[in-house]
Amino acid sequence: MSGKRSGVLELAVLGLLHESPMHGYELRKQLNTLLGMFRAFSYGTLYPCLKQLLNQGLITEDDQEEAPPGTLQSKRAKIVYKLTAEGKEHLQKLLSEAGPAAWEDEGFGVHFAFFGQTRADVRLRILEGRRSRLEERLEHVRTAFTRTRERVDSYTLELQNHGLESVEREVRWLNELIGREHAQAADRRSEPRHDATKGNDLDAPS
């Protein structure tokens, strides 16, 4: 697994375990359903990541016993993974990163999935970085589309047009999200500051 994908998987695992402890199968299922980009990942891919996080002290594993449903057989152990205090701290560090790795196709979806746990300023930097990257891609696609449209068949032309429309759609979506983030930031700035020691608003007229 590449370094980029390994980092993305680490963020996804820590983010999901922050929401709730899980056993391996449940964790893989959450990765498959919530983060579609991991749809092709197997537990064999996930296990080395879990082992590394265990060795780093970022997660722990507990054995929970359960009886097979509808049987009288002896109980079997099921390992449940939990986030440690160090893991929570490391997750916050990962969620504060807003560089190019968070904008690219490999990492953007995972970072976006955990925007609810991410600071507003970091969310905005990631969204603006993603938009900038897609605008570069859009320019490249438009140039290629113009250069090749006379030399390709109608199906290839439709495929290129579909790619162009997909990027344009995402840019419009990002513009909406960025506008919403700016509006929410403006609302927060306009809220009266409260002086807890005096019990009054610092911005209120005297």
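Check the entry above for the structure.
Everything in this summary refers to the structure shown in the same document. (Residues numbered from 1 in each chain as written. Predicted model: local features only at pLDDT ≥ 70, side-chain atom pairs only at ≥ 80, totals over all residues. Heavy atoms only, no water.)

Core analysis: the largest hydrophobic core is formed by 24 residues, its most contacted members being Val-13, Leu-14, Leu-17, Leu-27 and Ile-59. Where this core is concerned, the elements lending two or more residues are α1 (3-19), α2 (24-34), α3 (43-55), β3 (76-83) and α4 (85-95). Ignoring anything within four residues of it in the chain, the contact list for Ile-59 reads Leu-14, Leu-17, Leu-50, Leu-53, Leu-54, Tyr-81, Lys-82, Leu-83 and Thr-84. Counting residues in each nonpolar core, the second largest holds 17 residues, with Leu-138, Leu-164, Leu-174 and Ile-178 among its members. (Core = buried A, V, L, I, M, F, W, Y, C linked by side-chain atoms within 4.5 Å. Buried < 20%, exposed > 50% of the residue type's maximum accessible area, 1.4 Å probe, protein only. Helix = DSSP H or I, 4+ residues; strand = E, 2+ residues; numbered from the N terminus. Contact = heavy atoms within 4.5 Å.)

What the largest pocket holds in volume is close to 270 Å³. For the largest pocket, the lining is made up of 14 residues, of which Gly-7, Val-8, Glu-97, Ala-101 and His-111 are closest to its centre. Within the residue set of the lining of the largest pocket, elements represented by two or more residues are α1 and α5 (105-113). Among the elements that make up the lining of the largest pocket, the one with the highest residue count is α1 (five residues). (1 Å grid on protein atoms, 1.4 Å probe; cavity = no way out; pocket = protein on both sides within 12 Å on 5 of 7 lines; lining within 4 Å. Points joined across faces, edges and corners; volume = space filled by probe spheres on them.)

A separate point is helix α7 (residues 154-190). Taking 1.5 Å as the rise per residue, α7 with 37 residues should run 54 Å; its terminal C-alpha atoms sit 54 Å apart, in good agreement. Of the positions making up α7, those classed as buried are Leu-164, Val-167, Val-171, Leu-174, Leu-177, Ile-178, Glu-181 and Ala-185. Of the surrounding elements, those touching the buried residues of α7 are α5 and α6 (120-148). By the N-cap criterion, in which a side-chain oxygen at the helix start approaches the backbone nitrogen of a residue two or three places on, α7 is capped by Asp-153, the distance to Tyr-155 being 3.0 Å. (Expected span 1.5 Å × (residues − 1). Polar contact = N/O pair within 3.5 Å; in protein donor to acceptor, adjacent residues only side chain to side chain.)

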